[in-house]
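Read off the chains here:
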Amino acid sequence: MIVVSNRVTIPDERVETFEERLRTSYGIEDRPGFRGMTVLAPVDAEGHITMTFWETREDYEAWRESTAFESAHQEASAERAFKTGNTVEVHEVAVDRSTTESPVHVSEG
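Conventions used here
- Residues numbered from 1 in each chain as written.
- Predicted model: local features only at pLDDT ≥ 70, side-chain atom pairs only at ≥ 80, totals over all residues.
- Heavy atoms only, no water.
- Buried < 20%, exposed > 50% of the residue type's maximum accessible area, 1.4 Å probe, protein only.
- Helix = DSSP H or I, 4+ residues; strand = E, 2+ residues; numbered from the N terminus.
- Arc of directions from axis to C-beta.
- Salt bridge = Lys/Arg side-chain N within 4 Å of Asp/Glu carboxyl O.
- Pairing = 2+ DSSP bridges.
- Axes fitted to C-alpha atoms, helices over the stretch in contact; angles between N-to-C directions.
- Contact = heavy atoms within 4.5 Å.
- Polar contact = N/O pair within 3.5 Å; in protein donor to acceptor, adjacent residues only side chain to side chain.

As annotated in an unreviewed UniProt entry, the protein carries the name Antibiotic biosynthesis monooxygenase family protein and comes from Natrinema soli.

Given below as structure tokens:
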């Protein structure tokens, strides 16, 4: 499994709009290999972090090349809302430990 993270710094007045956009599906849940998404809001950190979880890198790349991805990212105003550019990183899961009451919950909404 891989995790793709994207760190962005959003001006305070755009945070609600940014988070609402990420609540919209754009078909990502229907993509082969998609396992979930988590959005982290800063508390003692700089910027939001979105993390998507994929079975394989190929599944992620297929999402990136899809028309659904294009639709999800076509609104230029979202990118203009960033205070600074975004940073995308891809990591392979090396260790995965959780309990039945894992602190990470991917919401349905």
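### Some remarks on helix α1 (residues 15-23)
One full turn of an α-helix is made of 3.6 residues, so residues set three or four places apart face in the same direction. Those residues of α1 not exposed but buried are V15, F18 and R21. Here the buried residues of α1 occupy an arc of 130° about the axis, which is enough to place them on one side.

### A closer look at the pattern of salt bridges
When their charged atoms lie close together, side chains carrying opposite charge are able to pair. The tally for this structure, following the rule as stated, stands at four salt bridges. Across the pair E19 and R23 runs a salt bridge whose closest N-O atoms are separated by 4.0 Å. Within this pair, E19 and its partner R23 are both found in helix α1, separated by four residues, close to a single helical turn. Residue class for R23 comes out partly exposed when judged on its relative accessible area of 46%. Where E61 meets R57, a salt bridge forms, and the shortest distance between an N and an O atom there is 3.4 Å. Placement of the pair is E61 and R57 together in helix α2 (residues 57-64), with a separation of four residues, close to one helical turn. Its relative accessible area of 29% is what places E61 among the partly exposed residues. Shared partners join several salt bridges into a network, and the residues in it are E19, E20 and R23.

### Looking at the sheet that holds strand β4 (residues 87-92)
Within the open sheet, the four strands sit side by side as β2-β3-β1-β4. Their pairing is antiparallel. The open sheet has two free edges, formed respectively by β2 (34-40) and β4, since each of these has just one partner strand. On average, adjacent strands in this sheet sit at an angle of 15° to one another, irrespective of strand direction. Seen against the sheet, α1 touches β1 (2-8), β2 and β3 (48-54) and runs at an angle of roughly 5° to β3.

### Some points on the side chain of T52
Here T52 is to be found in strand β3. A polar contact of 2.9 Å, which involves the side chain of T52, links it to the side chain of W54. Beyond its immediate chain neighbours, meaning those up to four positions away, T52 contacts I2, V3, V4, I28, F34, G36 and M37.

### Notes on the side chain of H48
Along the chain, H48 falls in strand β3. In terms of polar contacts, H48 uses its side chain to reach the side chain of E19, at 2.9 Å. Excluding anything up to four places from it in sequence, H48 contacts N6, R7, V8, I10, V15, F18, E19, V39, L40, A41 and P42.

### A look at the environment of V39
Within the secondary structure, V39 sits in strand β2. It is 9.5 Å that separates the C-alpha atoms of V39 and R23, two residues lying 16 residues apart in sequence. The residues contacting V39, other than those within four sequence positions of it, are L22, H48, I49 and T50.

### A word on the pairing of β3
In terms of burial, β3 is a largely internal element, six of the seven residues being buried. Judged from the seven bridges that link them, β1 and β3 form a sheet pairing that is antiparallel. Across the sheet, the residue bridging to R7 is I49, located in β3. Where β2 lies against β3, six bridges are found, and the strand directions are antiparallel. Among the inter-strand pairings, G36 is bridged to a residue of β3, identified as F53.

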